[in-house]
Structures are given as C-alpha cells and as structure tokens.
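Fold and geometry: a report
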Amino acid sequence: MSGRPKLVLASGSPRRLSLLNQAGIEPDALRPVDIDETPTKGELPRACANRLARAKADAALRALQLDDELRGSFILAADTVVAVGRRILPKADLVDEASQCLRLLSGRNHRVYTAVCLVTPKENFRQRLVETRVRFKRLTEEDIRAYIGSGEWRGKAGGYAVQGIAGSFVVKLVGSYTNVVGLPLNESIALLGGEEFPIRAGWLNAG
Ligand SMILES: Cc1cn([C@H]2C[C@H](O)[C@@H](COP(=O)(O)OP(=O)(O)OP(=O)(O)O)O2)c(=O)[nH]c1=O
C-alpha cells in the first residue's frame, strides 16, 4: 500500500470519534458494526469486554473485505463494560434499567473496562484492556429521578455518562478518564503507534 495507511473506526459511538479527534487522529471512515452484545452466561467483565471488542473488529474486517476503497485499512474497535464486582451492568435503554444501575452504583466503587482491538493491514489483531476504578457519592431518589429526566444515560454502559451530569456523582476515579468515556486515549495511541500508524512524535509517550 502506498501513502498514509487508512484508519477505520468500527464504532457508532460519537464519544469514541470525538476522543480520537481530540488526540488529533481523524479516521478515514466510520464503519459501525451490529453484533449481539449480550454477555454469555457467567461471563466475567474483562472477558466480556475483550470478546466484544474482538467481535466488533472481526465483523468490521469481514465487511471491509468487500470494500475496494477501505480493504487493508487499520481498524479500531472498542467495547466498554461497567461492573460491580463480577456483575456486568447493562447498557441502559430503559428507564427501569438505568434507575436500577444508579441505585446499585450509589455510594459504592465500581470498575469500568474498555477493551480496544486494532486490526493491522496485515490482519494481525492487537488488543488492550484498560480498567478504571470509580466511586460514586450516595445518590438520593431525587438525584436519580433528576438524572433519569436528563436522558443522558441512554445507550451508556452502566446507565451513566461521566462526561455529562454524572461527572458530579464521581467522588473518586483511579486510572484513565477517557477509558470511562469509551476509548482509553493513551493506550489506543500506543497501540496505533506500535503498529507504525503515523502518530505525531511526542504523543506516544504522553501521560
Ligand atoms: C460509563 C460510560 C459509558 N459511555 C458509553 C461509551 C459507549 O458508547 C457505551 C458503551 O457501549 P459500547 O457497546 O462499548 O459501545 P456502543 O454500542 O455505544 O458503540 P460501538 O459498539 O458502535 O462502538 O457507553 C459513556 O459515553 N460514558 C460513560 O461514562
């Protein structure tokens, strides 16, 4: 392949795109994939995030094989899972799901895992899993009602988005903040740079 290799972001999440943009990386194309994201019976949170990121990357790779323009591109996919202990919280689509998540997260520690999977033009798979520990303040029923009214929880793992109002629920966060939003930037840039994707010097060893 001649010239700069292309990058495809296999994600429909606007947060993932804006995080990459924030780091000065502009994907050449967005190719969200539609896979079943249900955890398997007894699946642990780390294993689930790893499996789903890989499945998203795999599905995108298969789709791009039919695409003359984008075949042979780098492909980046990710999956974010919120967990309390071994329990995986749902990606909340319904008010009841989101309220239950928030009651569970209230006043406690939880973990957010994002697995990032990079497919190289030679179809090698490179994967990283990043963990962030988060503690929420105790939430009153009124806090939960008001937050539900904001709608910010829709489609978010664990029923909240730290980049919005729920940022004010956080009393402690240990690890990568961008990991919670959906794409750990430092590690994603390191993955890309490690595979010779052109990243501006200086960013690779950042943070
Ligand atoms: C915990 C948390 C999650 N999220 C989002 C990130 C992800 O978009 C979503 C978790 O679902 P994912 O299944 O990881 O991603 P997605 O379905 O939104 O997008 P795609 O599979 O196409 O890449 O939750 C936030 O935006 N803020 C947060 O604080």
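Note that the structure is a prediction, hence the values are computed from the model and not measured.

Turning next to the nonpolar core. Core analysis: the biggest nonpolar cluster contains 43 residues, and Ile25, Leu76, Leu102, Phe136, Tyr147 and Tyr160 have the highest contact counts within it. Aside from chain neighbours lying at most four places away, what touches Phe136 is Leu102, Leu105, Gly107, Arg108, His110, Tyr160, Phe169, Val170 and Val171. Counting residues in each nonpolar core, the second largest holds 22 residues, with Val8, Ala29, Ala53 and Cys117 among its members.

On to the site of the ligand. Around the ligand, the structure places 20 residues, and the nearest of them are Ser11, Arg15, Arg16, Lys56 and Lys91. Contact distances for the ligand include 3.3 Å between an oxygen atom and a side-chain N or O atom of Asp79. Here an oxygen atom of the ligand sits 2.6 Å away from a polar atom, N or O, in the side chain of Lys91. Relative to its unbound accessible surface of 600 Å², the ligand loses 94% to contact with the protein. Of the residues forming the shell around the ligand, the biggest block, 3 residues, is contributed by strand E3 (residues 74-84). Here the residues of the shell around the ligand sort into 7 nonpolar, 6 polar and 7 charged.

On to the UniProt feature "active site" (unreviewed entry) in the chain, then. The positions UniProt marks with the feature "active site" (unreviewed entry) are Asp79. Tracing the backbone shows Asp79 in strand E3. What makes Asp79 buried here is its relative accessible area of 3%. Excluding residues within four positions of it along the chain, Asp79 makes contact with Arg16, Glu37, Ala49, Leu52, Ala53, Lys56, Tyr113, Thr114 and Ala115.

Most of E3 sits out of view: 11 of its 11 residues are buried. Here E3 shows a buried face lined by Phe74, Leu76, Ala78, Thr80, Val82 and Val84 and a second buried face lined by Ile75, Ala77, Asp79, Val81 and Ala83. With 9 bridges connecting them, E3 and strand E5 (residues 109-119) associate as antiparallel partners. Looking at E5, one finds that Ala77 is bridged to Cys117. In terms of strand pairing, E3 meets strand E4 (residues 87-88) through 2 bridges, oriented antiparallel. Across the sheet, the residue bridging to Ala83 is Ile88, located in E4. The loop that links E3 with its antiparallel partner E4 comprises 2 residues; one of these, Gly85, has a positive phi angle of about 60°.

About the criteria used
Residues numbered from 1 in each chain as written. Predicted model: local features only at pLDDT ≥ 70, side-chain atom pairs only at ≥ 80, totals over all residues. Heavy atoms only, no water. Core = buried A, V, L, I, M, F, W, Y, C linked by side-chain atoms within 4.5 Å. Buried < 20%, exposed > 50% of the residue type's maximum accessible area, 1.4 Å probe, protein only. Contact = heavy atoms within 4.5 Å. Near = heavy atom within 4 Å. Polar contact = N/O pair within 3.5 Å; in protein donor to acceptor, adjacent residues only side chain to side chain. Areas by Shrake-Rupley, 256 points an atom, 1.4 Å probe, with all protein chains shown as cover. Helix = DSSP H or I, 4+ residues; strand = E, 2+ residues; numbered from the N terminus. Nonpolar A, V, L, I, M, F, W, Y, C, P; charged D, E, K, R; others polar. UniProt positions renumbered as here; feature names shortened; annotations may be inferred. Pairing = 2+ DSSP bridges.

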